[in-house]
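# Remarks on the overall topology
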Amino acid sequence: MVLGAGPVGENVADRARAAGLRTAVVESELVGGECSYWACMPSKALLRPAIARAEARKLPGLSGSVQGPLDAAAVLARRDDFTAHWKDDGQVGWVEGIGADVYRGHGRLDGPKRVVVKGPDGTEQTLTARHAVAVCTGTRAVVPDLPGVAGARPWTSREATSSQHVPGRLVVVGGGVVGVEMATAWRALGSQVTLLIRGGGLLPKMEPFAGELVAGALTEAGVSIRYGVAVASVERDGGTGPVTVVLDGGERVEADEILFATGRAPRSEDIGLESVGLRPGSWLTVDDSCLVEGSDWLYAVGDVNRRALLTHQGKYQARIAGAAIAARAAGVPLLETDRWGAHAATADHAAVPQVVFTDPEVASVGLTLAEAEAAGHRVRAVDYEIGSVSGASLYADGYTGRARMIVDLDREILRGVTFAGPGVGEMLHSATIAVVAEVPIDRLWHAVPAYPTISEIWLRLLETYRG
Ligand SMILES: Cc1cc2nc3c(=O)[nH]c(=O)nc-3n(C[C@H](O)[C@H](O)[C@H](O)COP(=O)(O)OP(=O)(O)OC[C@H]3O[C@@H](n4cnc5c(N)ncnc54)[C@H](O)[C@@H]3O)c2cc1C
Ligand SMILES: NC(=O)c1ccc[n+]([C@@H]2O[C@H](COP(=O)([O-])OP(=O)(O)OC[C@H]3O[C@@H](n4cnc5c(N)ncnc54)[C@H](O)[C@@H]3O)[C@@H](O)[C@H]2O)c1
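Counting of residues starts from 1 at the beginning of each chain's written sequence and follows it residue by residue. By the order in which they are written, chains take letters starting at A while ligands take numbers starting at 1. Residue-level local features of this predicted model are given only where pLDDT is at least 70; pairs of side-chain atoms are given and counted only at 80 or more, and the full residue set underlies all totals for whole chains, interfaces and linings. Note that the side-chain values use all heavy atoms of the structure and ignore hydrogens as well as water.

## A few points about the overall build of the chain
Counting from the N terminus, the helices are the DSSP runs of H or I reaching at least four residues and the strands are the DSSP runs of E reaching at least two. Looking only at helices and strands, the chain features 15 helices and 22 strands. Computation of the radius of gyration draws on C-alpha atoms, with the globule rule given as 2.2 Å multiplied by the number of residues to the power 0.38. By the compact-globule yardstick of 23 Å for 467 residues, the chain fits well, its C-alpha radius of gyration being 23 Å. Across its three principal axes, the chain shows a C-alpha extent of roughly 65 × 65 × 40 Å. Once local pairs closer than 6 in sequence are excluded, the contacts in the chain between residues at least 24 apart make up 62%. Residue exposure ignores everything except the shown protein chains as possible cover, and the areas themselves are Shrake-Rupley values with a 1.4 Å probe. Here the chain has roughly 20,200 Å² of accessible surface; of this, 52% comes from carbon and sulfur atoms. Under the counting rule used here, the positive set is Lys and Arg, the negative set is Asp and Glu, and His together with the chain ends is not counted. To locate a charge, the coordinates of NZ of Lys, CZ of Arg, CG of Asp or CD of Glu are taken. The centroid of the 45 positive side-chain charges in the chain is displaced by 1 Å from the centroid of its 55 negative side-chain charges. Contact criterion: two residues are considered in contact whenever any of their non-hydrogen atoms come within 4.5 Å of each other.

Here it is, written out as structure tokens:
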């Protein structure tokens, strides 16, 4: 039984089914989850024209044709197509096509292996799993509990990805991934954007140069970034007028909309966790096969286990968990739960790839320098300006970007890689393979990047390391 048919729940069902089990999924909103309708897909559909235009503007011969504003209506319409206009028939068809039963309604645990589904008409149905229940209920946006917030009807990631109008003035609170991506998109669509950051930089979980490059480009695009500020309260004039954001020092910033991009909380407060001895509203801690601590039948996969809040990583966990559920159901005596085994989501610890779709893009995998040092590895950071690679200078005039690889000096392998620059997202998988496969530097030396591509950055990084 799978609770929640987001990208992760769909894949747990598919992998368990592929291994021979009968599966059912329960979904309270849209099959396809946050990712398809209010996160990855609509946000990237909004961003793609913004990024393409920014890159085209760096090419003489083309730049003159792309000086005008984006056609916002066309961008929003393409975004609507990518969300299938918030209808899930296609995804329901896919889930039914794999042979899983789809139950519409709110699911909650009701003791071991039991799930009660409350349907849209209020009727309840109790389903009992033979082998396992996988909680894949994802996360919701966190909005800080500040005076006036509720009455101000703030945007969360849902409104920021589904809005049908371009606000004249938008305040974005938070400089994590959602904050910088949505500031990029709405600025390109024509909003005056103010980004309020309580710390000293953007993208604080990544290498510091990544946030610095994105901040520089956002500022150049006209976004006002305010560092070291905290929101004290929010007011919306008459409930419908402009919103006034009051900062800690008393300064007031007026806008048409305010977006809180201030992190996520697990959707686990109303799923019956108390009926199986767990705390409602908590993140579900799991082992590497995604089995919830202390249980032999309850799994938590994807965002809700907090290991890596990314679609591709949740789907990877789903492949591992689906295989583990099926193996345990078949009575396999010993699962392959060792590092990099078939039933261990090892990459969650060592090699989580992420692309931030801003201008410039940021692509990272594995550990940052700070994380590698904190983990006790003896490492060296090797940096190189991507703009000095021939492929990059062809890609765009004045190409600005930077790459860093973290070399483990004891094992001569890579612990992490970060690229920041136009077009780097598509290069990330090369780094992911190097990190996951623990390719020795001696062998990487033989992996020749094609000339003249941006991937020649690999050669420059290796030459710099070897001296
Ligand atoms: C703006 C934004 C942009 C993002 N962009 C990217 C990106 O580019 N790349 C990337 O990898 N990640 C991105 N993410 C993260 C990504 O959206 C999540 O990691 C991913 O959606 C997690 O998948 P999931 O299946 O675990 O949860 P979800 O997608 O949240 O799906 C959970 C499902 O469970 C259902 N559900 C919840 N409770 C119940 C219940 N009690 N009963 C029945 N059903 C229930 C929900 O309705 C939902 O359909 C983005 C996130 C945001 C907010
Ligand atoms: N391209 C992608 O891969 C992509 C895109 C969007 C989101 N995501 C995922 O979705 C998740 C959620 O993203 P997010 O940006 O909401 O969360 P986040 O945790 O990445 O960033 C939230 C930021 O808000 C700040 N913050 C928190 N409370 C605040 C407050 N009261 N005032 C001011 N600032 C505050 C935090 O310091 C943090 O920097 C992330 O884990 C991310 O991986 C991924």
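## Describing the packing of aromatic side chains
Stacked, tilted and edge-to-face pairs are distinguished by plane angle, under 30 degrees for stacked and over 60 for edge-to-face with tilted covering the rest, among Phe, Tyr and Trp rings (Trp via its six-membered ring) whose centres lie within 6.5 Å. By the definition in use, this model includes four aromatic pairs. Taken together, a centroid distance of 6.2 Å and an interplanar angle of 80° make the contact between Tyr395 and Tyr399 edge-to-face. Note on classification: 1.4 Å probe, protein chains only; a residue is buried when its accessible area is under 20% of the maximum for its type, exposed when over 50%, partly exposed between these limits. Taking relative accessible area as the criterion, Tyr395 reaches 31% and is therefore assigned partly exposed. Here, a charge over a ring means that NZ of Lys or CZ of Arg falls within 6 Å of the ring centre while also lying within 35 degrees of the ring normal. We note Arg158 situated over the ring of Trp38; from NZ or CZ to the ring centre the distance is 3.7 Å.

## What about the site of ligand 2?
It suffices for a single heavy atom of a residue to lie within 4 Å of a molecule or strand for the residue to be listed as near it. What surrounds ligand 2 is a group of 20 residues, the closest being Val178, Glu181, Lys205, Gln354 and Val355. Val178 has a polar backbone atom sitting 3.0 Å from an oxygen atom of ligand 2. Whenever two N or O atoms come within 3.5 Å, that pair is a polar contact, provided that in protein one can donate a hydrogen and the other can accept it, and provided that, for residues adjacent in sequence, both atoms are side-chain atoms. At 2.8 Å from a nitrogen atom of ligand 2 is found a side-chain nitrogen or oxygen belonging to Glu181. Here ligand 2, which alone exposes 840 Å², has 77% of that area covered by the protein. With three residues, the top contributor of residues to the shell around ligand 2 is helix α7 (residues 177–188). Throughout this entry, Asp, Glu, Lys and Arg are counted as charged residues, while Ala, Val, Leu, Ile, Met, Phe, Trp, Tyr, Cys and Pro are counted as nonpolar. The remaining residues, Gly among them, count as polar. Of the residues that constitute the shell around ligand 2, the class distribution is ten nonpolar, five polar and five charged.

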